[in-house]
Amino acid sequence: MDQESSKLNLRTGWVRVGIAAAQAILLYCLYRAGTQQVWPATMPMVFFPLLLCGLSLPVIAISSLGQMATGKLLRWLGFLALVLTGLTLHDWLRRNGLNNEWDVPDEVNPVAYPSSLLFMFSFLCLYVAQSLKLAYEQKRQGANQYPLYFDMSWKLLVQLVFSGVFVAALFAVLYLGAALFSLLKLEFLSELLKREWFTIPVIVLAFGCALHLTDMRPAIVRGIRNLLLVLLSWLLPLATLVLAGFLLTLAVQGTELLWDTRQATNLLLGACVVLVVLINTAYQDGAAFAGVPKILRWSVRLACVLLPVLALLALRALQLRIAQYGWSSDRLIAVVCALLALGYGLAYTRAALAQDGLLGKIAGANVVMAYAHLTAVLALFSPVLDPARIAVADQLSRLRDGKVSADKFDYRYLRFQGGRYGREALEQMMQEKALPQSAQIREKAAIVLALTRQEYGKTEVEIIHPFEVWPQGASLPEGFLRQSDNKEKGWLSDRDAKCLIAKTRGCDVLIQDVNRDGKPEVLVLDRNRNYGGNVYFEVQPGVWQSEGRIDVRADDCEKLNQGLRAGHTKPLPAWDMLDVDGLRLLLIPDTKLRQRCKS
């Protein structure tokens, strides 16, 4: 065993297992709280920090044991916990209370979770910060010890990836065993794998043990890393050739085709990421770069020159979109990413143009850009550079300056992606009186504020006029809309609630005594008649229930609408229903093909 592994004794292994066990218990408790909707899941300002810290800090503690003194480790974990708590609290306070970022309707899972972007960027930054911290604690000599930074960062990445592979392999074996036992009619293992109290601890403990095992054999990890880097580095000549050919073709044909795709930014930023990764797989720690084949050395130098060009094209694509549609959260994040890519490109180009040709300045650039990444993420997920705040302010400015009309303005963006800033803006727009189209702005803002979740696929808000009650002069019965919404008792359907309460869907209401009991029933008809409607009966004073569906069977739709408005309706004798000792047989007559009625 080499010198590195000699620092890790049996006691360190048991401490790591204990940390993983504590993490498993915490995550299972948080899972149960989320699924059962109990504390702390009902208090996001507690639940968010616990979840993010519970997922990340134990992994950092396991990777740090044996590499960092106990006191320093505790201070490091405390600092990271404070940072994560601040980020998660801001993530909750900036939101509008909906869980829409996970595409889960609130009525399905009313428990809120930290935003998916916060998960992704915080884990990425924790990886960068942990790599820098471990390298710093090893030598405490700053950026001049780049080989150590390189070694610690790639070692940690390989450990994390292979620990995940180990967990996947473990469950593949368990599911294979479950399938084999099922052949013998023994389902105990299959049932066990369906229980969260089993799967969550097994995942966490297996991941923690895998981290420890890979740390016990650093030479093996380093060998796997070197093999991976060598294989990836030989992709660089191909990537450089493809991207150079793309830029030459672009120079000949012009950029209009690129801008017309409306996907240029994502593709260009993806190309930048590929180049940065492949350049570093070839350069590695710089110690052996002089001995690599010439084709790789020249590919690295050419790739360094191509990188800032791609980053500038991405910024140009974003500038065109921003000029056309204004700022949005995604565009602001993309601009920050493009600026980081440009920073890499300029630094790498400077290194590539150096006379020695060994690109030694890449080492310092990587360390500086790592800290730039951390700074950018902290700014984006804090009040300093909150994308939602900036985007909402810009969109409102465009509306006030007349750059976008009231009917083309994206109110839904404010409601579902603008966080609390967007909601506050909509509430202010409901009081708008100074702008020329203030009436339309107030109406659309009120409609969007009434929505409870985003309806995907609709980009504009359609003004839904209030429902009509027929015949003329009729009104909804007293208390019809004031009783509690209890779906188990068959109260308002989702469609009817959107029409009568939220007013985000069109419908018409007919007041008619359909069963001749002397009391009016409420018939709610879909406005285009495609879905018929529902019949609501007053089953006891003040309590209404849906007791039937309406199937529209008509050939002359306009005549039907005129008759409904005029009140020319009457119930027919129930010739199509037979009573058999209190049971009913419904006879449905054949009808010829008819058109769908439209309002």
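Relevant structure appears above.
Because the structure is a prediction, the values reported are computed rather than measured.

Some words on the overall build of the protein
Along the protein, the regular secondary structure elements total 21 helices and 7 strands. For the protein, buried positions account for 45% of its 599 residues.

Observations regarding empty space enclosed by the protein
Enumeration over the complete set of coordinates arrives at 2 cavities of 30 Å³ or more. Estimated volume of the second largest cavity: approximately 50 Å³. Considering the residues around the second largest cavity, the lining is formed by Ser63, Gln67, Leu134, Met152, Lys155, Leu156, Gln159 and Asp215. Here the lining of the second largest cavity gets 4 residues from one element, more than from any other, and that element is helix H6 (residues 146–183). Of the residues that constitute the lining of the second largest cavity, the class distribution is 3 nonpolar, 3 polar and 2 charged.

Topic: unusual backbone geometry
A cis amide bond links Trp39 with the next residue in sequence, Pro40, at an omega value of 5°. With an omega of -5°, the peptide bond between Trp470 and Pro471 qualifies as cis. Among the structural elements, Pro471 can be located in the loop between strand S1 (468–470) and helix H20 (494–500). The residue Lys185 is not glycine, and still its phi comes out positive at about 65°. In this fold, Lys185 is placed in the loop between H6 and helix H7 (188–192). Classification of Lys185 as exposed rests on a relative accessible area of 72%.

Focus: the nonpolar core
Generally speaking, a soluble globular protein has its nonpolar side chains buried in company with each other. Counting residues in each nonpolar core, the largest one holds 100 residues, and the members touching the most others are Leu275, Val300, Cys304, Leu310, Tyr348, Leu359 and Ile362. A total of 14 residues in this core trace back to one element, the largest contributor, which is helix H13 (residues 294–325). Contact partners of Cys304, with chain neighbours within four places excluded, come to Ile279, Gly345, Tyr348, Thr349, Ala352, Leu359 and Ile362.

Thoughts on the sheet that holds strand S3 (residues 521–526)
Ordered in space as S1-S2-S3-S4-S5, the 5 strands form an open sheet in which the pairing is mixed. In this open sheet, the two strands that pair with only one neighbour each are S1 and strand S5 (543–550). On average, each strand axis in the sheet is inclined to that of its neighbour by 25°, with strand direction left out of account. With 6 bridges joining them, strand S2 (residues 507–512) and S3 adopt antiparallel strand pairing. Bridging from a neighbouring strand, Gln512 pairs with Glu521 of S3.

Points about helix H12 (residues 264–283)
An ideal rise of 1.5 Å per residue puts 28 Å on 20 residues; H12 measures up with 28 Å between its terminal C-alpha atoms. For H12, a buried count of 14 out of 20 residues is recorded, marking the element as mostly surrounded by other parts of the structure.

A few points about the pattern of salt bridges
By the definition in use, this model includes 11 salt bridges. Put simply, Lys133 and Glu137 hold a salt bridge, and the shortest N to O gap is 2.9 Å. With a gap of 4 residues between them, Lys133 and Glu137 both fall in helix H5 (residues 116–139), about one helical turn apart. Both residues of the pair, Lys133 and Glu137, belong to the buried class. The partner of Arg195 in a salt bridge is Glu191, and the shortest N-O contact between them spans 3.6 Å. Its relative accessible area of 36% is what places Arg195 among the partly exposed residues. In the salt-bridge network here, residues are joined through shared partners; they are Arg16, Lys155 and Asp215.

So, the packing of helix H14 (residues 329–352) against helix H15 (residues 361–380)
Helix-helix packing is characterised by the crossing angle of the two axes and by the distance between the axes. In contact at an axis separation of 10 Å, H14 and H15 are set at 170° when each is read in the N-to-C sense. By the angle between their axes, H14 is roughly antiparallel relative to H15. Contacts from Ile333, Val336, Leu340, Gly343, Tyr344, Ala347, Tyr348, Arg350 and Ala351 of H14 reach H15 at Lys361, Ile362, Ala365, Asn366, Met369, Ala372, His373, Ala376 and Leu380. Taken together, the residues of the contact of H14 with H15 break down into 13 nonpolar, 3 polar and 2 charged.

Analysis parameters
Residues numbered from 1 in each chain as written. Predicted model: local features only at pLDDT ≥ 70, side-chain atom pairs only at ≥ 80, totals over all residues. Heavy atoms only, no water. Helix = DSSP H or I, 4+ residues; strand = E, 2+ residues; numbered from the N terminus. Buried < 20%, exposed > 50% of the residue type's maximum accessible area, 1.4 Å probe, protein only. 1 Å grid on protein atoms, 1.4 Å probe; cavity = no way out; pocket = protein on both sides within 12 Å on 5 of 7 lines; lining within 4 Å. Points joined across faces, edges and corners; volume = space filled by probe spheres on them. Nonpolar A, V, L, I, M, F, W, Y, C, P; charged D, E, K, R; others polar. Core = buried A, V, L, I, M, F, W, Y, C linked by side-chain atoms within 4.5 Å. Contact = heavy atoms within 4.5 Å. Pairing = 2+ DSSP bridges. Axes fitted to C-alpha atoms, helices over the stretch in contact; angles between N-to-C directions. Expected span 1.5 Å × (residues − 1). Salt bridge = Lys/Arg side-chain N within 4 Å of Asp/Glu carboxyl O. Parallel < 35°, antiparallel > 145°, perpendicular 65-115°, else oblique.

Any functional reading would require information that these geometric values do not contain.
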